[in-house]
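# Summary of structural features
As a plain string of letters, each chain reads:
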Amino acid sequence: MNLSTDHLAVRTTCAYCGVGCGVQATPLADGTVAIAGDKQHPANKGRLCVKGSALGETVGLEGRLLYPQVREADGLRRVSWEDALDKVATDWRAIIDEHGPDAVALYVSGQLLTEDYYVANKLMKGYIGSANIDTNSRLCMSSAVAGYKRAFGEDLVPVCYDDLELADMVVLVGSNTAWCHPILFQRILKAKEARPEMKLVVIDPRRTATCELADLHLPVKAGTDVWLFNGLLSYLSRIGAVDPGFIEQHTNGFDKALATADVDCSDPAVVAKICRIELPVLLEFYELFAATRKTITAYSMGVNQSSAGTDKANAIINCHLIGGRIGQPGMGPFSITGQPNAMGGREVGGLANMLAAHMDLERAEHRDVVQTFWDSPVMADKGGLKAVDLFKAIEDGKVKSVWIIATNPVVSLPDADQARRALDKCELVISSDIMQNTDTTAYADVLLPALGWGEKDGTVTNSERRISRQRAFLSAPGEALPDWKILSLFAQRMGYSGFDFCGQHGVFDEHARLSGFRNAVGDVSRAFDMSGLAGLKQREYDDLEPIQWPVRRDAGGKLAVEERLFGDNIYAHADGKARFIATAPRAPLHAVSEDYPLSLNTGRVRDQWHTMTRTGKSATLADHIAESFIDMHPQDALLSGVKEGELARITSEWGAMVARVQHGGGIPRGSVFVPIHWNGQSASDARVGAVVNPVVDPVSGEPEFKHTPVRVEQFRVNWHGFILSRDEVNLERIAHWTRIQGRAFARYELAGRNTIQDYTGWARELLGVEDPDADWLEYEDRTAGVYRAVHVVDDRIAQCIFLSPRQDMPSRAWLASLFAKDLLSEADRVGLLVGMPVEKGADTGPTVCSCFGVGRNTICNAIVEKDLKTVPEVTACLKAGGNCGSCVPEIKKILVQTRVEAAEARL
Ligand code: SF4
């Protein structure tokens with residue numbers, strides 16, 4: 001690992017979710033990095049979730065892409081930056097000359113810093129002359145953007161995090177906040193602890209960890225949110241929970257929106273039936289909403305990732321507008337972004353249908369502002385291809401070259417096998433990445449090494465419009481460069497002026513100046529304005545404290561910030577009014593059928609991030625959920641002929657994958673849930689993107705990740721097994737496998753279809769143990785098909801393998817603990833042969849609290865032996881749940897289960 005020379009803590013920002021927590025990173029002399037929460041950062045005030053806390057485990061150079069490479073007939077060849085960029089520039093020039101600017105495209109990422117994003121967008125729209133730049137943020141929040149634009153005239157998040165604490169009710173819609181935005185959830189819980197009368201309502205088809213601490217859960221059928229909120233609008237109107245003055249003076253479109261809602265949703269009984277919830281539960285929510293003026297409705301992927309995502313967002317916003325519940329502390333509709341800089345991408349126009357600084361491609365006066373400011377030779381004048389359409393156009397040969405930056409579309413796109421086909425056919429695929437081997441870099445003709453978190457420097461904007469600095473504390477590895485620099489060097493090779501930035505500070509300054517350029521009432525005014533940060537000196541940029549936009553300078557030169565918007569009831573539409581949008585409910589395009597009877601829902605797990613290219617390096621994060629899974633209701637499992645713990649294949653019209661069946665995730669009948677993270681490097685066949693249908697929202701272009709008709713079937717194997725090994729193992733011949741990072745070892749979960757005749761020879765070959773005198777302990781029961789072997793080197797466990805026709809195999813947590821020992825004891829050796837620990841307490845069970853490494857068995861034992869009754873008692877006893885709090889809902893569940901089981905055992 002490359003370390004900066006000083007060992008002082010550097011204040012930076014977390015690389016993962018849109019909460020945007022401040023982090024203190026301290027490179028240590030031993031090559032590790034100490035991570036702590038930044039107490040001065042307003043988003044998290046010193047707290048971090050387990051993903052943020054484990055950032056230090058992800059910054060090593062294993063697997064990093066360090067040098068530019070170009071693909072030749074016999075594989076990738078290392079080249080100089082000059083040669084790599086010359087090739088891209090020459091090829092792009094030829095393609096553009098022959099086929100026009102729309103024959104090339106950039107596909108970028110919400111992981112980029114704002115400075116990177118700004119340069120990419122400027123290059124594509126103002127110089128190449130095409131709007132073919134889209135981003136993986138299309139997949140997570142473009143419906144929220146479209147909803148805000150329709151309602152407010154601009155992509156404006158009206159609220160701030162403090163509002164979540166000031167609200168008397170927080171409604172979380174389609175958001176497993178406890179797992180996906182854990183620090184925000186902790187802030188809500190703390191506020192609720194201080195004011196127990198504060199209400200927390202969760203609207204989600206699944207009973208997620210977030211529901212464990214909610215006052216009310218509405219397990220609506222996936223895709224019925226518009227019915228639910230239209231029904232609420234209709235109800236509020238009927239009972240008079242309306243602000244007629246606000247509607248009259250500050251909005252348009254109310255009558256039409258209400259009439260549309262009334263068509264299908266005026267009868268709560270009908271709405272309850274469509275949403276598949278109990279009528280009293282629906283009415284309780286409606287009554288609570290009507291009675292609680294200070295309500296925040298926060299939503300994320302469950303709303304956005306839908307073919308009706310934009311309408312869902314507007315149906316929610318309508319319910320706030322009807323009562324004028326916006327612009328004041330503790331109220332408003334709040335889209336929580338998924339990625340660390342989705343919001344920064346929105347500022348610079350990183351989506352194919354946006355222009356920079358919140359201006360519109362379709363509006364000539366906006367194009368004129370941007371082109372004049374950039375002094376650019378051309379300006380795209382129509383929307384470019386959105387993510388799903390872009391990859392279709394690549395497969396069709398309309399787009400000849402795509403430059404993919406900081407994202408992994410072969411895993412993350414819907415119909416992900418189509419993305420494979422597209423890249424396979426594409427004339428020139430360029431990939432800027434931090435990792436050498438991903439599912440996507442496998443298709444790259446040119447590989448360009450980029451800086452990763454800890455090495456790069458710039459800004460990100462979180463869900464509450466707060467700009468924070470990401471600061472470098474590690475030196476650049478190999479020949480890696482910042483993304484803005486790579487794009488600028490390329491632009492210069494294309495002969496474009498305007499890309500001679502002195503550094504990221506120069507890019508930021510230009511971005512801030514553009515936001516204020518001709519941004520005055522009477523000219524081309526817009527609410528996005530960070531002109532107060534224009535003209536910062538290098539030192540001021542380096543020291544910039546987290547700050548929200550809009551940020552301007554007042555007459556005295558002081559920075560003026562608006563923490564929440566619309567307090568003056570002036571919106572960004574030309575008439576200054578907000579708009580109700582009529583949202584006629586519609587079901588997902590593809591209905592379940594006899595062939596595909598179940599609805600697939602996808603999402604995140606607590607301790608992983610996106611396609612695992614970074615979090616997959618952390619043993620701490622792998623502890624919680626090691627393998628991909630298909631969570632399904634026991635009755636659906638029975639009907640599908642699959643059993644909990646066994647592997648199953650899930651198939652849709654678009655593709656298939658394999659994962660292990662589980663129950664207990666709170667999934668309703670008729671649905672299954674599969675996580676999005678596993679990729680072609682971490683598992684043989686667990687890319688759920690391959691199964692997801694490519695239907696998109698007609699307004700936002702966001703895909704329908706929350707509903708795909710599927711069927712689930714047995715994945716027949718002859719044996720199950722697993723390996724723990726200090727050395728990498730080649731699993732090419734195994735039917736199904738998952739690789740899990742451990743501490744000083746890798747774990748492989750296996751399942752095979754072959755019949756093993758010679759267990760010893762087969763196992764030794766697989767593990768690469770050629771020495772006939774190797775210290776090799778083994779147990780074989782040929783009749784039962786059970787085999788165990790342990791390879792010991794210098795009295796330390798080096799490898800072990802366990803095979804069985806059944807799933808009931810030894811505890812991985814116990815075996816993992818043996819890899820931490822310098823010397824195996826006699827008891828350990830005996831335990832290895834009998835397949836279970838012989839010492840009491842040696843098996844801590846699957847990890848529940850990743851921060852302190854506390855396992856389920858440890859928690860259960862303590863509950864019983866010490867008669868623990870509450871989560872705080874468990875925390876006081878074991879520390880579990882005492883750091884980030886993400887596992888608190890799980891501990892609560894374990895407490896209830898364990899105490900019930902103990903009581904039953906006593907009867
Ligand atoms: S909540 Fe966790 S993942 Fe999200 S920004 Fe904070 S520390 Fe990072």
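What you see is a predicted model; the values in this text were computed from it and never measured.

## Examining the overall build of the chain
Secondary structure summary: the chain contains 30 helices and 36 strands in total. On C-alpha atoms alone, the chain measures out to a radius of gyration of 27 Å, which is about the 29 Å that the 2.2 N^0.38 rule sets for 907 residues. In terms of overall dimensions, the chain has a C-alpha envelope of 85 × 70 × 55 Å along the principal axes. In the chain, buried positions account for 62% of the 907 residues. Counting contacts in the chain only where the partners sit at least 6 residues apart, residues at least 24 apart contribute 71% of the total. Here the chain contributes 97 positive and 117 negative side-chain charges, whose respective centroids are spaced 3 Å apart.

## Digging into the site of the ligand
Residues in contact with the ligand, as listed here, are Cys 14, Tyr 16, Cys 17, Val 19, Gly 20, Cys 21, Leu 48, Cys 49, Lys 51, Gly 52, Pro 182 and Ile 183. Looking at the shell around the ligand, the elements with two or more residues in it are α1 (50-53) and α7 (182-194). Across the shell around the ligand, the residue classes break down as nine nonpolar, two polar and one charged.

## Re a nonpolar patch on the surface
A surface patch of nonpolar side chains, about 340 Å² in accessible area, is lined by Val 830, Val 834, Met 836 and Val 838. By secondary structure assignment, the location of Val 838 is in the loop between α27 (826-834) and β35 (847-849). On the basis of relative accessibility, which here comes to 48%, the residue Val 838 falls in the partly exposed class.

## So, the nonpolar core
Grouped together as the largest cluster of nonpolar side chains are 235 residues, with contacts concentrated most on Trp 92, Leu 228, Phe 285 and Trp 403. Not counting the four nearest positions on each side in its chain, Leu 228 is found in contact with Ile 203, Leu 218, Val 220, Val 271, Cys 275, Ile 277, Leu 282, Phe 285 and Tyr 286. Core analysis: the next-biggest nonpolar cluster, separate from the first, contains 22 residues, Trp 719, Ala 763, Val 769 and Ala 789 among them.

## Structural notes on the packing of helix α16 (residues 364-374) against helix α21 (residues 504-516)
The interhelical angle for the contact between α16 and α21, taken along N-to-C directions, is 140°, at an axis separation of 10 Å. Classified by the interaxial angle, the pair formed by α16 and α21 is oblique. You can see that α16 and α21 cross each other, and the crossing is right-handed. Where α16 abuts α21, its residues Val 370, Phe 373 and Trp 374 lie against Glu 510, Arg 513 and Leu 514. Residue classes in the contact of α16 with α21 are distributed as four nonpolar, no polar and two charged.

## Some thoughts on helix α29 (residues 871-878)
Those residues of α29 lying buried are Val 871, Val 874 and Leu 878. Summarising the axial view, the buried residues of α29 lie within an arc of 60°, below the 170-degree limit, and thus occupy one face. What points out from α29, more than 90 degrees from its buried face, is the exposed set Pro 872 and Ala 876. Against β36 (854-855), α28 (856-865) and α30 (888-906) lie the buried residues of α29. Lys 879 lies just past α29 and shows a positive phi near 75°.

## Structural notes on the packing of aromatic side chains
Under the defined criterion, the tally for this structure stands at 28 aromatic pairs. Arranged with centres 5.4 Å apart and planes meeting at 50°, the rings of Tyr 127 and Tyr 496 form a pair that is tilted. Of the two residues, Tyr 127 is situated in helix α3 (residues 114-128) and Tyr 496 in the loop between α20 (483-493) and α21; the sequence distance between them amounts to 369 residues. Residue Tyr 127 shares its accessibility class with Tyr 496, and that shared class is buried. Ring centres 4.4 Å apart and planes at 35° place the aromatic pair Phe 566 and Tyr 571 in the tilted group. Residue classification places Phe 566 among the buried residues on the basis of a relative accessible area of 5%. Through pairs of rings, three or more aromatic residues link up here, namely Phe 229, Tyr 235, Phe 285, Tyr 286 and Phe 289. In this arrangement the basic side chain of Arg 465 is found over the ring face of Trp 549, its NZ or CZ atom lying 5.8 Å from the centre. Taking the ring centre of Trp 776 as reference, the NZ or CZ of Arg 764 above it sits at 4.9 Å.

## Examining the sheet that holds strand β1 (residues 10-13)
With antiparallel pairing, the three strands of this open sheet are ordered in space as β1-β2-β3. Only two strands of the sheet have a single neighbouring strand rather than two, namely β1 and β3 (33-37). The sheet shows a mean angle of 35° between the axes of neighbouring strands, taken without regard to direction. Summarising the sheet, β1 and strand β2 (residues 22-27) pair through four bridges and their orientation is antiparallel. Counted as the bridge partner of Val 10 is Ala 25 from β2.

## Considerations on the sheet that holds strand β29 (residues 719-725)
Strand order in the open sheet made by the six strands is β30-β31-β29-β34-β33-β32, with antiparallel pairing throughout. Two strands bound the open sheet, and with one partner strand each, they are β30 (736-741) and β32 (775-781). When strand polarity is set aside, the average angle formed by the axes of neighbouring strands in this sheet is 10°. Two strands pair when backbone bridges link them, and β32 and strand β33 (residues 786-793) are joined in this way by seven bridges, in the antiparallel orientation. Across the sheet, the residue bridging to Glu 780 is Tyr 787, located in β33.

## Brief notes about the environment of Leu 777
Assignment of secondary structure puts Leu 777 in strand β32. Exposure remark for Leu 777: the relative accessible area of 16% places this residue in the buried category. When the C-alpha atoms of Leu 777 and Arg 552 are compared, they prove to be 71 Å apart, with 225 residues separating the residues in sequence. For Leu 777, the contacting residues outside a window of four places in its chain are Arg 788, Ala 789, Val 790, Val 792, Arg 829 and Leu 833.

## Digging into the environment of Asp 867
Tracing the chain through its elements places Asp 867 in the loop between α28 and α29. For Asp 867, a relative accessible area of 40% corresponds to the partly exposed category. Sequence spacing of Asp 867 and Leu 55 is 812 residues, and the spatial spacing of their C-alpha atoms is 36 Å. At a separation of 3.1 Å, a polar atom in the side chain of Asp 867 contacts the side chain of Arg 899.

## Describing the pairing of β29
When a strand is regular, its side chains alternate between the sheet's two faces. Most of β29 sits inside the fold, with seven of its seven residues counted as buried. Burial along β29 is two-sided: Trp 719, Gly 721, Ile 723 and Ser 725 facing one way and His 720, Phe 722 and Leu 724 facing the other are all buried. Sheet topology note: the β29/strand β31 (residues 746-752) ladder contains seven bridges and is antiparallel. The partner of Phe 722 across the bridge, within β31, is Glu 749. The sheet contact formed by β29 and strand β34 (residues 796-804) spans six bridges and is antiparallel. When the bridges of β34 are listed, Ser 725 appears paired with Gln 799.

## Some remarks on unusual backbone geometry
The omega torsion across Trp 549 and Pro 550 is 0°, close enough to zero to call that bond cis. Within the secondary structure, Pro 550 sits in the loop between β19 (547-548) and β20 (551-553). Of note in the backbone geometry, Asp 415 takes a positive phi value of approximately 45° without being a glycine. Tracing the backbone shows Asp 415 in the loop between α18 (409-412) and α19 (416-425).

Conventions used here
Residues numbered from 1 in each chain as written. Predicted model: local features only at pLDDT ≥ 70, side-chain atom pairs only at ≥ 80, totals over all residues. Heavy atoms only, no water. Helix = DSSP H or I, 4+ residues; strand = E, 2+ residues; numbered from the N terminus. Rg over C-alpha atoms; globule rule 2.2 N^0.38 Å. Buried < 20%, exposed > 50% of the residue type's maximum accessible area, 1.4 Å probe, protein only. Contact = heavy atoms within 4.5 Å. Lys, Arg positive; Asp, Glu negative; His and termini not counted. Charge placed at Lys NZ, Arg CZ, Asp CG, Glu CD. Near = heavy atom within 4 Å. Nonpolar A, V, L, I, M, F, W, Y, C, P; charged D, E, K, R; others polar. Patch = residues over 30% accessible without salt bridge, like charges linked within 9 Å, V, L, I, M, F, W, Y side chains within 5 Å. Areas by Shrake-Rupley, 256 points an atom, 1.4 Å probe, with all protein chains shown as cover. Salt bridge = Lys/Arg side-chain N within 4 Å of Asp/Glu carboxyl O. Core = buried A, V, L, I, M, F, W, Y, C linked by side-chain atoms within 4.5 Å. Axes fitted to C-alpha atoms, helices over the stretch in contact; angles between N-to-C directions. Parallel < 35°, antiparallel > 145°, perpendicular 65-115°, else oblique. Left-handed = near helix turned anticlockwise from the far one by under 90°. Arc of directions from axis to C-beta. Phe/Tyr/Trp six-rings, centres within 6.5 Å; stacked < 30°, edge-to-face > 60°. Lys NZ or Arg CZ within 6 Å of the ring centre and 35° of its normal. Pairing = 2+ DSSP bridges. Polar contact = N/O pair within 3.5 Å; in protein donor to acceptor, adjacent residues only side chain to side chain.

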